[in-house]
Amino acid sequence: MSDLNVMRHVTKDITNEAVTDYLVSFYRPPTPELGDLRENCEKEPVPIILRETKDFLSTFMEILKPKRVLEIGTAVGYSSMFFAEKIRQYNDIEGYSVYTIEKDDDAFIRAGNEIKKLGYDKAVRQFLGDGEECIEDIIKDDGSVRFDMIFIDAAKSHYKRFLEASLKVLSDDGVIICDDTLFQGRPALEGEIPPRKHRTNTLALREFNEFVMTDTRFSSTHTAIGNGLTIIKPKKR
Ligand SMILES: C[S@@+](CC[C@H](N)C(=O)[O-])C[C@H]1O[C@@H](n2cnc3c(N)ncnc32)[C@H](O)[C@@H]1O
């Protein structure tokens, strides 16, 4: 593939602009406050789930009806609060419905402020540290805790590690969803050496994407929603 073709294929828009714009035209904020938070994040910019990703997850949660969600990668808490809001609509059980893990101190503090400001502090429980290490801490604290949906949206080169850790706390009918697995379309450019800046992430995602489709423990699918969403369902033994 020539350089020109590579340029043409590498895009934030992993399908095409018209289709993405069309899908995004259906977006509605989960609440006015979360809509404002999204707009601020998009302006700043802070990386949060894309509009069409939020729309997909909204319907997905309506179907799956997870009672408890674990997230790796809090950033400012947008998706954590969106998950909590969604769960609140079909499940009025008290206590934390969302556990979210963030390794960056500043993001952790900022998310704490946002979560409190928007009134989700009784629903969202934050953890500071690496995704895998925090899962081990969660298990040490309560070995019986299980999550019906686990959302992986953190360091792309660590997805395999996060996935293996997540399996330890996934409920029997639980599902794992990974965001950004088509990372600007780059993993699809097989045979091309990715630019240095994106090399580690692209190669790691290519390996991860292959792994989840070939490991016989899983039934998985890659979807071209947003920046690529991969849905992983462990098979029953
Ligand atoms: C794309 S952002 C998350 C966006 C958030 N899920 C949302 O949609 O609102 C990724 C976050 O993962 C965090 N992160 C990176 N490596 C991590 C790790 N090893 N463990 C936990 N969090 C990590 C980053 O600091 C960053 O805030």
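The following paragraphs examine the structure supplied in this document.

Side note on the overall build of the chain
So, step 1. Within the chain, the secondary structure is distributed over nine helices and seven strands.
So, step 2. Buried residues in the chain amount to 49% of all 237 residues.
So, step 3. Of all intrachain contacts in the chain linking residues separated by at least 6 positions in sequence, the fraction that spans at least 24 positions is 71%.
So, step 4. Put simply, the chain shows about 12,500 Å² of open surface, and 52% of that area lies on carbon and sulfur atoms.

Quick look at the sheet that holds strand β7 (residues 229-234)
So, step 1. The seven strands are arranged β3-β2-β1-β4-β5-β7-β6 in an open sheet whose pairing can be described as mixed. If you trace the sheet from one side to the other, it starts and ends with β3 (124-128) and β6 (218-223), each paired once. On average, each strand axis in the sheet is inclined to that of its neighbour by 15 degrees, with strand direction left out of account.
So, step 2. Summarising the sheet, strand β2 (residues 98-102) and β3 pair through five bridges and their orientation is parallel. Note that in β3 the partner of I101 across the bridge is F127.
So, step 3. Packed on one face of the sheet, helix α4 (residues 51-64) meets β1 (69-72), β4 (147-152), β5 (170-179) and β7 and runs near 170 degrees to β5.
So, step 4. The strands touched by helix α8 (residues 159-167) are β1, β4, β5, β6 and β7; relative to β5, the strand with the most contacts, the crossing angle is about 165 degrees.

With respect to the pairing of β2
So, step 1. Taken across its five residues, β2 has five buried, putting it largely inside the fold.
So, step 2. Because side chains alternate across β2, one face comprises the buried residues V98, T100 and E102, and the other comprises Y99 and I101, equally buried.
So, step 3. Handedness of the crossover joining β1 and β2 through helix α5 (residues 78-90): right-handed.

Structural notes on the environment of K168
So, step 1. Structurally, the position occupied by K168 is in the loop between α8 and β5.
So, step 2. Relative accessible area serves as the criterion here: at 43%, K168 is assigned to the partly exposed category.
So, step 3. For K168 and E136, which are 32 residues apart along the polypeptide, the C-alpha to C-alpha distance reads 9.0 Å.
So, step 4. For K168, the contacting residues outside a window of four places in its chain are E136, I139 and R146.

Regarding the packing of α4 against α5
So, step 1. Following both chains from N to C, one finds α4 and α5 inclined at 30 degrees, their axes separated by 10 Å at the closest point. On the basis of the axis angle, α4 is roughly parallel to α5. Helix-helix and strand crossings are classified by hand; for α4 and α5 the assignment is right-handed. Residues K54, L57, S58, M61 and E62 of α4 form the contact with α5, whose own contacting residues are Y78, F82, F83, K86, I87, Q89 and Y90.

Overview of the site of the ligand
So, step 1. Taken together, 21 residues sit near the ligand, with I49, G73, E102, D130 and D153 positioned nearest.
So, step 2. Within the side chain of E102, a nitrogen or oxygen atom sits 2.6 Å from an oxygen atom of the ligand.
So, step 3. Here a nitrogen atom of the ligand and a backbone polar atom of K103 are 3.3 Å apart.
So, step 4. Out of a free accessible area of 610 Å², the ligand has 86% covered by protein chains.
So, step 5. Listing elements by their share of the shell around the ligand, those giving two or more residues are β1, α5 and β2.
So, step 6. Tallied by class, residues from the shell around the ligand come to ten nonpolar, five polar and six charged.

Details of helix α7 (residues 131-141)
So, step 1. Within α7, burial applies to G131, C134, I135 and I138. Seen end-on, α7 carries its buried residues on one side only, within an arc spanning 105 degrees. The outward face of α7, more than 90 degrees from its buried face, is lined by the exposed residues E133 and K140.
So, step 2. Contacts from the buried residues of α7 go to β1, β2, β3 and α8.
So, step 3. One side-chain oxygen at the N-terminal end of α7 lies 3.1 Å from the backbone nitrogen of E132; it belongs to D130.

What counts and what doesn't
- Residues numbered from 1 in each chain as written.
- Predicted model: local features only at pLDDT ≥ 70, side-chain atom pairs only at ≥ 80, totals over all residues.
- Heavy atoms only, no water.
- Helix = DSSP H or I, 4+ residues; strand = E, 2+ residues; numbered from the N terminus.
- Buried < 20%, exposed > 50% of the residue type's maximum accessible area, 1.4 Å probe, protein only.
- Contact = heavy atoms within 4.5 Å.
- Areas by Shrake-Rupley, 256 points an atom, 1.4 Å probe, with all protein chains shown as cover.
- Pairing = 2+ DSSP bridges.
- Axes fitted to C-alpha atoms, helices over the stretch in contact; angles between N-to-C directions.
- Right-handed = clockwise from strand over helix to strand, strands pointing away.
- Parallel < 35°, antiparallel > 145°, perpendicular 65-115°, else oblique.
- Left-handed = near helix turned anticlockwise from the far one by under 90°.
- Near = heavy atom within 4 Å.
- Polar contact = N/O pair within 3.5 Å; in protein donor to acceptor, adjacent residues only side chain to side chain.
- Nonpolar A, V, L, I, M, F, W, Y, C, P; charged D, E, K, R; others polar.
- Arc of directions from axis to C-beta.

By themselves, these are just geometric observations and shouldn't be taken as functional.
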